[in-house]
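So you can see what is in the structure, the chains are spelled out below.
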Amino acid sequence: MSNTDASFDVIVVGGGPAGLAAAIALSQTGARTALVARQAPYADNRTTALLGGSVDFLDEIGVWSACRNRAAGLKAMRLVDDTGRLIRAPEVRFVADEIGLEMFGYNIANAVLVDVLEQRAGEIDGLVRISEDADSVRSDADAVTVTSASGRVLTARLVVGADGRHSLCREAAGIGVSRRTLQQSALTFNITHARPHHNVSTEFHTPQGPCVFVPLPGDRCSVVWVAAPKEADRLFALDDDALSAAAERQSHSIFGRVRVEPGRHVFPLAIERPLSYAQNRIALVGEAAHVVPPIGAQGLNLGLRDGIDIADVVRKANAAGEDIGAPQVLARYGAARRADILSRTFAIDVANRSLLSDLLPMQSLRAVGMHLMSGIGPLRRLAMREGLAPSWRATRRAG
């Protein structure tokens, strides 16, 4: 493209996995779509557990076939109380075939997922890629104007902000955000190990937060270790041998000898949500619309459902001859996302608070809840189904 104005139906700002997937899905509705995001290799070795409908969505937009052999299936999930407290919860084991599934989902490196999404985006004629950051976003009554870092000026009836927790699009829409910083950080790294994982994800609940070992292809796992900030920083500063030994101890040697792979990251945790999910011709997806701790693998799965819903809303609005950025159309997107995001955020927050609490009544309630899930099949199966995706979504989307 030259330095001339260009008009689109939709502009997606942000090129993470949620933004890429949303841009592809929107282009497949027939809307002429632009994706404004600097194209660069994914910066770290973090992974994502894609659950339930996320895999179906990626299949629908034509990317899952290139991901399947580079991801590890998740056949079972174990929750293990490793708090050492007087009142401890029993181990809970969720198995996919108990609810008629071969797998709950698949764990994949974010770098692989982004690479495949980038390749797919490049194949779509109706998706124009502007490989630059957005410099400014301005919303007016009839259109939104996005100016790129080099000065390219683009306009659209609708902008989808997928530009992360410090969202330029959210600011342009005039949407405030509620933030709560948690007194926890997450340390992420990958390991190789001597014993097979058997496609079982194991989550150890410690007094400072969960430490989860999620299968990767081969005898490898990704590790998300949530701890108090000082402890996370201490672990981060260990050399490879010391961190390998610490991970082996934390896993109770279920994987045998553990070896940390190169690359590790630590980041503070918070819960954030905007006061609206769409306003002034701008709709939010991904971390612009919700930030949750890495508990229960909900973050990117929520972001992909954002993409499903905004594409669904745009498709139906176009079919009805409506302005896709009109307030009543954006209100439908907000209504579609609100219950999903709020319910997931609430469940994650309660689970995290119950784990961290030193109050005996809270520990007792947590232990009783885990015991009920472990011992009562219908309750356990309900928890599994709801953990994959809200059960009411299929009914809503059928209408």
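Going by the structure above, here's the rest.
(A) Molecular detail of unusual backbone geometry. A positive phi is found at Asn-199, a non-glycine position, where the angle reads about 60°. Inspection of the secondary structure puts Asn-199 in the loop between strand S12 (177-193) and strand S13 (200-206). Although it is not a glycine, Asn-280 sits at a positive phi angle of roughly 50°. By the secondary structure assignment, Asn-280 is in the loop between strand S17 (278-279) and strand S18 (282-284). Here Asn-280 falls in the partly exposed class, since its relative accessible area comes to 43%.

(B) A look at the side chain of Thr-188. Considering the arrangement of structural elements, one finds Thr-188 in strand S12. The contacts of Thr-188, once residues within four sequence positions are left out, are Arg-46, Val-223, Val-224, Gly-263, Arg-264, His-265 and Phe-267.

(C) Up close: the sheet that holds strand S14 (residues 209-216). Spatially, the seven strands line up as an open sheet ordered S6-S5-S13-S14-S15-S12-S16, and their pairing is mixed. Edge positions in the sheet fall to strand S6 (92-95) and strand S16 (258-274), since each has one partner strand and no second. Taking each pair of neighbouring strands and ignoring which way they run, the sheet shows an average axis angle of 15°. Where strand S5 (residues 76-81) and S13 come together, six bridges link them in parallel fashion.

(D) A look at the pairing of S5. By the criterion of burial, S5 is predominantly enclosed, with five of the six residues buried. Here S5 pairs with S6 via four bridges, running antiparallel. Bridged to Arg-78 within S6 is Arg-93.

(E) Geometry of the sheet that holds strand S4 (residues 71-74). On the basis of which strands lie adjacent, the open sheet formed by three strands has the order S3-S7-S4 and antiparallel pairing. Each having just a single partner strand, strand S3 (47-51) and S4 make up the two edges of the open sheet. For this sheet, the mean inter-axis angle between neighbouring strands, taken without regard to orientation, is 25°. In this sheet, strand S7 (residues 105-109) lies alongside S3 in antiparallel orientation, the contact comprising five bridges.

What counts, and where the lines are drawn
Residues numbered from 1 in each chain as written. Predicted model: local features only at pLDDT ≥ 70, side-chain atom pairs only at ≥ 80, totals over all residues. Heavy atoms only, no water. Helix = DSSP H or I, 4+ residues; strand = E, 2+ residues; numbered from the N terminus. Buried < 20%, exposed > 50% of the residue type's maximum accessible area, 1.4 Å probe, protein only. Contact = heavy atoms within 4.5 Å. Pairing = 2+ DSSP bridges. Axes fitted to C-alpha atoms, helices over the stretch in contact; angles between N-to-C directions.

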